[in-house]
Protein chains: 2
Amino acid sequence: MGCDSPAPRRYNGVLPPSVDRPPMKDTLSAVNCGNCSVRRLCLPAGLSGEEIDRLEKITGKRRMLRAGEALYRAGDPFTNLFAIRSGSFKSTVIAADGDTQVTHFALPGELLGLDAYSGRMHSSFAEALEDSSVCVLPFAQLEGLAQEVPALQHQIYNIFSEELKKENETLLLLGKRSAETRMAALLMNISSRYSRRGYSATAFVLSMPRTDIANYLGLTAETVSRLLTKFQREKMIAVRGREVEILDLIALSELAGTHCSYEDAGA
Amino acid sequence: MGCDSPAPRRYNGVLPPSVDRPPMKDTLSAVNCGNCSVRRLCLPAGLSGEEIDRLEKITGKRRMLRAGEALYRAGDPFTNLFAIRSGSFKSTVIAADGDTQVTHFALPGELLGLDAYSGRMHSSFAEALEDSSVCVLPFAQLEGLAQEVPALQHQIYNIFSEELKKENETLLLLGKRSAETRMAALLMNISSRYSRRGYSATAFVLSMPRTDIANYLGLTAETVSRLLTKFQREKMIAVRGREVEILDLIALSELAGTHCSYEDAGA
DNA sequence: GGGGCGGCTTGATGTGCATCAAGAGCCGCC
DNA sequence: GGCGGCTCTTGATGCACATCAAGCCGCCCC
């Protein structure tokens, strides 16, 4: 394509390592939004019981993925949105020179593929960070249903809008913050997202390798490693491989500069 | 609010300087989407003549703003979207510590306020960079119309999705690129956006000061200034204050690393 | 005209994080 | 068990860009 030119700068490829285990086969088990543990965070939020029933009729199946498996790749035709049911994903984009950028880490209840609507083609990659399961949402049908169910349309706008808001915060982080602040902010972010999902806010396992964290934060893996060690030395966290325990939530949130939006962190 | 803590890092306030001229008064002149020069880029894209008529009934009025005037501020209740008719804007978010980040520069045909839908409140600021005019779109009515007009709903999704896609590219830029690459990419980006709007791709006036460019790119004004000087020395551009002329589009696009997506730049 | 101010440029110095390099822990596999 | 390949850590060095500090230019206003 003649696109081999300029200077990447920093970094180290982070492309789908293409796992050797066979992909899990698609299961056709029916989706059950009404009982789903993340329904408050997902499409069904704000829908009546009857509306959720209609939604379930559309979201025909689930798909299981193994760690490292790609949910979609840039260039794939866009037909489905995916709602994460369990596990976690990273989204990445790739520059013309082959350089990769991790743009999100996605957790259960979040939707993947929204950026593919315009152009009818995925422009980013989504890859499972651990064995995961997603609900498959054929967008054409979803769109049709939203036309009839205002609450659903409402929720779709909500999710788009939330997504934009989150990206603004990421820009703030990347644009002007020190490595230390970025790292602290990521830990706080993951903590609060796990917490919303009913997991511990202070003890969790990072599902992604250091290289992905570094890439996401615009740093290097070495710097991430040093920062985690430093935080540990300062008794803010305890780290063992990918296991993290937050020992001093207040200190960490102050470092992150987000304590005001993290409810009652200061109380 | 007890939010006076941590380390800002770098930078220099960029908040609404609050112009001394009185704000322009709102004019009630009817909007005419059908004739608007940016309708291809705006909400009417893909709508039939009759549908555009219905859209016009909703978009009741225009609003004129002077350079430096705020269109909305974080915390304002969300009732309207705004479509830029002429001029340009910057969007910014503000961190808990008061630090500001410019997240976008917006040009005619683009929508402002999309990130405020969820939560019914603006979470960012939009400020006119020059005397500008916008169409006011009461979102409740727009939402109602979209419920009846699939093509409009479609276009709203399109715009949301485009917005997400653009943010991904910005993340790529901020996450891993050198100052030089960022600056070149911004110039190319502005160039192509002006070009889509029927203006020259190679000669334009930057409507924003160096500090805003620097802030947007995660750099300092000094670095921006040095880079522009350097590009000029290397005969890629000519700069005089805010006037920019691109002398070597190819070289600049190669520096930016985006030449593959810039149609026919290599032809 | 001249003084003040904000935006811009240019230079000198400093530093935060990348880069390079080596080694340690962990795991799957032969 | 032990080898090869990961991810992760830790240390030494260097550089890109921030920071600090003048000075310039255009513009408004007295």
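Rules used throughout
- Residues numbered from 1 in each chain as written.
- Chains lettered and ligands numbered in written order.
- Predicted model: local features only at pLDDT ≥ 70, side-chain atom pairs only at ≥ 80, totals over all residues.
- Heavy atoms only, no water.
- Pairing = 2+ DSSP bridges.
- Helix = DSSP H or I, 4+ residues; strand = E, 2+ residues; numbered from the N terminus.
- Contact = heavy atoms within 4.5 Å.
- Axes fitted to C-alpha atoms, helices over the stretch in contact; angles between N-to-C directions.
- pLDDT = per-residue confidence, 0-100.
- Buried < 20%, exposed > 50% of the residue type's maximum accessible area, 1.4 Å probe, protein only.
- Near = heavy atom within 4 Å.
- Polar contact = N/O pair within 3.5 Å; in protein donor to acceptor, adjacent residues only side chain to side chain.
- Salt bridge = Lys/Arg side-chain N within 4 Å of Asp/Glu carboxyl O.
- Least-squares fit on C-alpha atoms with pLDDT ≥ 70 in both.

Draft legend 1. Structural context of the sheet that holds strand β3 (residues 80-86) of chain A. Residue and element names in this part refer to chain A. Taken in spatial order, the four strands line up as β1-β8-β3-β6 in an open sheet, and their pairing is antiparallel. On the outer flanks of this sheet lie β1 (61-65) and β6 (111-112), each paired with one strand and no other. The sheet contact formed by β1 and strand β8 (residues 132-138) spans five bridges and is antiparallel. Paired with K61 across the bridge in β8 is V136. Where helix α2 (residues 139-148) meets the sheet, it contacts β3 and β8, and its direction lies at approximately 60° from that of β8.

Draft legend 2. Expanded view of the confidence of the model for chain A. Residue and element names in this part refer to chain A. Of the residues in chain A, 84% have a pLDDT of 70 or more, and the chain-wide mean is 86. Low pLDDT, under 50, characterises residues 1-22; the stretch is placed with 45 contacts to residues that sit more than four places away or in other chains. Under a pLDDT of 50 for its full length, residues 259-267 has, in the predicted model, 17 contacts with residues more than four places off or in other chains.

Draft legend 3. Highlighting the pairing of strand β10 (residues 237-240) of chain B. Residues B:I237 and B:V239 line the buried face of β10(B), whereas the alternating positions B:A238 and B:R240 sit on a face that is not buried. Between the antiparallel neighbours β10(B) and strand β11 (residues 243-246) of chain B lie two residues, among them B:G241 with a positive phi of about 60°.

Draft legend 4. Representation of the protein's contact with DNA strand D within the structure. Contacts to DNA strand D come from 19 residues, most closely from A:R210, A:S225, A:R226, B:A179 and B:T223. Counting only atoms of DNA strand D within 4 Å of the protein, the sugar-phosphate share comes to 67%. A:R242 has a polar side-chain atom sitting 3.0 Å from a phosphate oxygen of DNA strand D. Within the side chain of B:E222, an N or O atom sits 3.2 Å from a base nitrogen of DNA strand D.

Draft legend 5. Seen up close, the pattern of salt bridges. According to the stated counting rule, one finds 21 salt bridges over all chains in the structure shown. Close ionic contact of B:R177 with A:D99 constitutes a salt bridge, the shortest N to O distance being 3.9 Å. Note that B:R177 is positioned in the loop between α3 (150-176) and α4 (179-196) and A:D99 in the loop between β4 (89-94) and β5 (100-106), a pairing that runs across two chains. Two residues, B:E110 and B:K166, come together in a salt bridge whose shortest N-O distance is 3.8 Å. Note that B:E110 is positioned in the loop between β5 (100-106) and β6 (111-112) and B:K166 in helix α3, a separation of 56 residues in sequence. Assessed through its relative accessible area of 14%, B:E110 is described here as buried. Members of the salt-bridge network, linked through shared partners, are A:E110, A:E163, A:K166, A:R193 and A:R197.

Draft legend 6. Here's a closer look at the relation of the copies chain A and chain B. When chain A is fitted to chain B, the best match, at an RMSD of 0.0 Å, comes from turning it 180° and sliding it 0.0 Å along the axis. This pairing of chains is accounted for by a two-fold axis. Measuring from the rotation axis to each C-alpha of chain A, the shortest distance belongs to A:Q147, at 2.7 Å. In this assembly the copies share their binding face: 100% of the residues contributing to the interface of chain A also contribute to that of chain B.

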